[in-house]
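So the chains spell out like this:
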Amino acid sequence: MSDHTRIPNIGNDGNSNKNISQPKSFNTLVNHTNHGHDVEKSLKQIDFTALTDKQNYYPSPVNWEDEVLYFLLVDRYSDGREYNGFADSAGNPITGPESGRTTPLFNLEKDAGKADRENWFQSGKKWCGGTIAGLHDKLGYLQRLGITTVWLSPVFRQVEGSDNYHGYGIQNFLDVDPHFGSREDLKQFVTTAHEHNIRVILDIILNHAGDVFAYKNNDQYRYYQGQQWPVNGFRQHSHDPGSIPFAQIDTHLFPDTWPGGGVWPAEFQQSNAWTRKGEITHWDNFPDYLDGDFCALKDLDHGIAPKAPEIAGDVHKRIREFRASQTLLHLAEVYKFWIGYADIDGYRIDTVKHMEPGAVRLFANIIHEFAQSIGKENFYLIGEITGGRAHAVNILNTTGIDAALGINEIPDRLEFLAKGWRSPGNPSTDAQEGYFDLFRNSLLEHKHTHQWFGEHVVTMFDDHDQVGTQHKFRFCGQQQDSFRFLAMALGLNLTTTGMPCIYYGTEQGFNGADYRTNEDAYSDVFLRECMFGGPFGSLQSTGRHFFNENHPTYRLIQDLCRLRKKHIALRRGRQYLRQVEGSDGAFHFPQPIHGTLRWIIAWSRIFADQEYVCAINTDTHQSLTVRVTVDFAINPPGSSMSCIFSTDASQKGHLLKVEKGNGSAINVTVPAAGFVIYL
């Protein structure tokens, strides 16, 4: 194990900066698991009755719409060595340097831009050193931020010698990668997270494993008309040309294959577990994108389904005629194990586009039934479903996945509406042109209310992939003043319909961006800076951490999460884009002029007999005062509404009289680049 994964054992020994309990003998646990001890070689070794018997599993939430998600890459989050700027779970400041804590807090004036950009970028392509124990150390930070569910990048064991720090290249589906720690570390993290009222969602992969075998002559093969290609053998490590026979591995003949060689558990060592059709060439061609390898990551064979291109859009027919493979059933057993072992609360399923809907449907049913059998009545499956809203709803309806992530319009429309470059929508038409249009016209999707979208769509504006973007950038990285729009984006994300998800580092103003013009390879690296600094800190820094609980964006999210928790309408209310008064004195749904919108955008959340009016001002230079339409029945002329939040603290508590105008209206002032809520 490399030096940067050996962190101090931070136990509860009475010291003010050691109040978060950690697994005892951390290094012993990691080393023990690294040698394959206590990790099952075969699914046959798992006794589910013994695993789940007498366990008191943490219950599911009544409604996932009430949750605030936070997505992080484990390798990029914390190594447990940080000090200053944050506190432990009890609120005691973590000071230092002491007890192995050697990384001070980032200082904008002293530390930004000091790293050599090329060296910094190259470091970002590799493992950086974040651990599960480091995450454990930051549960107080996350709880105070207002996070109720943490979504972890895949923690499973990766192909040895690879740079798969992201976790999507699995070699052993039943073990945790030693870079991150051990299975026991994960279990302890989840237990302590639950004690902090934080649930844990694991990112999982069904579609593929890592680059675990080599094709003939270790050549690169590409998908071609469904042809199956010859295989050299399983890899011992990432640079091995396939020296292990492509069959059930005999560890007596090949003792070095356990635990880091080939693929485990043993059920995935059969040749028919793999499609073996080479890398996807055309990412939108059916069935290429189903049966091809995801770049070098090897495609798992889920079963038999019709392959004629003309039935690609007939999801019902594809499900009816799907026949599951043993490999798919083995994958379901794997992920049942992690629920039973670690008390996981939900899964985010990677690359749903690349799997047969029938496979997803069967997996969802197996997982839901198992979770319900141990008391998790609302175990959540969030699918990465790229494409438009109609496609996402169709997949949800037919497969049993609970929520969609990756609807391609959401990040774009949310981010660029906040930046004043997109329409908010126009409810007077059936067009789906704006952000708010995505959450209405529920009849088009055969839903009884547009509130349905709230519990079935995850909303976020920053993420680790930005699929479809050539030169990638975080919200604050697009241009020098992008941070000025961040409060508006967060206001939209945390008070509009959907399950909001914050991408790690957003609360600290991370500004990763690919400024290269000559190439775009590894562009996603720029989205994946280290919270703990290390060799790849944000703002082109190294060796300085970003767990700053006094950062204004951290405080803003904290305040909005508190309001969201207190006021059910901000979580579950019906949502209406509101007409606002234009410069001509008439009421309109605001629209961009020559591609730019610098005006107030307002919406209502209504629950029972209460209306909350939220508004942003996309003009970054001046405050604006305009009349905003409100519900006539709930707020008739002569009544009043009070400001319960503003980015200008002096407005809080300010009363507005409801006037006549477009029925009922209030005269709202929104600070420049600001956000307000009235009740």
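The structure this text deals with has already been given above.
Residues numbered from 1 in each chain as written. Predicted model: local features only at pLDDT ≥ 70, side-chain atom pairs only at ≥ 80, totals over all residues. Heavy atoms only, no water.

## What to know about the overall build of the protein chain
When helices and strands are tallied, the protein chain shows 16 helices and 25 strands. Scaling as 2.2 N^0.38, a compact globule of 679 residues should have a C-alpha radius of gyration of about 26 Å, and the protein chain matches this with 25 Å. In terms of overall dimensions, the protein chain has a C-alpha envelope of 85 × 65 × 60 Å along the principal axes. Counting all 679 residues of the protein chain, 62% fall into the buried class. A separation of at least 24 residues holds for 71% of the contacts in the protein chain among residues at least 6 apart in sequence. Taking the average location of the 63 positive side-chain charges in the protein chain and that of its 80 negative ones, the two points are 3 Å from each other. (Helix = DSSP H or I, 4+ residues; strand = E, 2+ residues; numbered from the N terminus. Rg over C-alpha atoms; globule rule 2.2 N^0.38 Å. Buried < 20%, exposed > 50% of the residue type's maximum accessible area, 1.4 Å probe, protein only. Contact = heavy atoms within 4.5 Å. Lys, Arg positive; Asp, Glu negative; His and termini not counted. Charge placed at Lys NZ, Arg CZ, Asp CG, Glu CD.)

## A word on the nonpolar core
Ranked by size, the top nonpolar core spans 168 residues in total, and within it Tyr 70, Trp 274 and Tyr 335 carry the most contacts. The element best represented in this core is helix α10 (residues 326–342), accounting for nine residues. The next biggest cluster of nonpolar side chains, apart from the first, holds 18 residues, and it includes Val 580, Ala 602, Val 628 and Cys 643. (Core = buried A, V, L, I, M, F, W, Y, C linked by side-chain atoms within 4.5 Å.)

## Here's the deal with the sheet that holds strand β21 (residues 640–646)
Read from one edge to the other, the open sheet built from six strands follows the order β15-β18-β19-β25-β21-β22, with strand pairing classed as antiparallel. A single partner strand is all that each edge strand has here, and the edge strands are β15 (574–578) and β22 (655–657). For this sheet the average axis-to-axis angle between neighbouring strands, irrespective of direction, equals 25°. Pairing of strand β18 (residues 600–607) with strand β19 (residues 610–617) involves eight bridges; the strand directions are antiparallel. From the neighbouring strand, Trp 603 faces β19, where its bridge partner is Cys 614. (Pairing = 2+ DSSP bridges. Axes fitted to C-alpha atoms, helices over the stretch in contact; angles between N-to-C directions.)

## Remarks on the pairing of strand β4 (residues 170–176)
Summarising burial for β4: seven of the seven residues are buried, a large majority. Note that strand β3 (residues 156–158) and β4 share three bridges and pair antiparallel. In the sheet register, Arg 157 faces β4, and the bridge partner there is Asn 172.

## Some thoughts on the sheet that holds strand β5 (residues 199–204)
The strands making up a sheet associate through hydrogen bonds between their backbones, and the pairing can be parallel or antiparallel. Taken in spatial order, the eight strands make up an open sheet running β12-β11-β10-β5-β2-β1-β14-β13, and their pairing is parallel. The strands lining the two open edges of the sheet, one partner per strand, are β12 (403–407) and β13 (458–459). Examined bridge by bridge, strand β1 (residues 69–72) and strand β2 (residues 149–152) share four bridges and lie parallel to one another. Its bridge partner lying in β2, Leu 69 is registered against Thr 149.

## Let's talk about helix α12 (residues 389–399)
Those residues of α12 lying buried are Arg 389, Ala 392, Val 393, Ile 395, Leu 396, Thr 398 and Thr 399. On its buried side, α12 packs onto α9 (315–320), α11 (357–373), β11 (380–387), β12 and α13 (409–418). Downstream of α12 by one or two residues, Gly 400 has phi in the positive range, about 90°.

## Some words on the pattern of salt bridges
Here the structure, examined in full by the defined rule, presents 38 salt bridges. Residue Lys 353 pairs with Asp 284 through a salt bridge whose shortest N-O separation is 2.9 Å. In this pair, Lys 353 is assigned in the loop between β10 (346–349) and α11 and Asp 284 in the loop between β7 (231–234) and α8 (288–291), connecting sequence segments 69 residues apart. Overall, the relative accessible area of 26% leaves Lys 353 in the partly exposed class. Each of Glu 82, Arg 101, Asp 137 and Lys 138 takes part in one network of salt bridges that share partners. (Salt bridge = Lys/Arg side-chain N within 4 Å of Asp/Glu carboxyl O.)

## Some details on the side chain of His 456
With respect to the helices and strands, His 456 occurs in the loop between α13 and β13. A residue is classified by how much of its surface remains accessible, and His 456, at 19% relative accessible area, is buried. Here the side chain of His 456 touches Asp 402 through a polar contact of 2.6 Å, landing on its backbone oxygen. Here His 456 is in contact with Tyr 380, Leu 396, Asp 402, Ala 403, Ala 404 and Met 499, once residues within four sequence places are set aside. (Polar contact = N/O pair within 3.5 Å; in protein donor to acceptor, adjacent residues only side chain to side chain.)

## Examining the packing of aromatic side chains
All chains considered together, the criterion is met by 44 aromatic pairs. Residues Trp 127 and Phe 180 carry aromatic rings whose centres are separated by 5.4 Å and whose planes lie at 55° to one another, so their mutual orientation is tilted. Here the residue Trp 127 occupies a position in the loop between α4 (117–124) and α5 (132–136), and Phe 180 occupies one in the loop between β4 and α7 (183–195), the gap between them amounting to 53 residues. Taking the relative accessible area as the measure of exposure, Trp 127 reaches 12% and is therefore buried. Judged by its relative accessible area of 0%, Phe 180 falls in the buried class. Geometrically, the ring pair formed by Tyr 141 and Tyr 554 is tilted, given 5.0 Å between the ring centres and 45° between the ring planes. Within this pair, whereas Tyr 141 is found in helix α6 (residues 139–145), its partner Tyr 554 is found in helix α15 (residues 552–566), the two being separated by 413 residues in sequence. (Phe/Tyr/Trp six-rings, centres within 6.5 Å; stacked < 30°, edge-to-face > 60°.)

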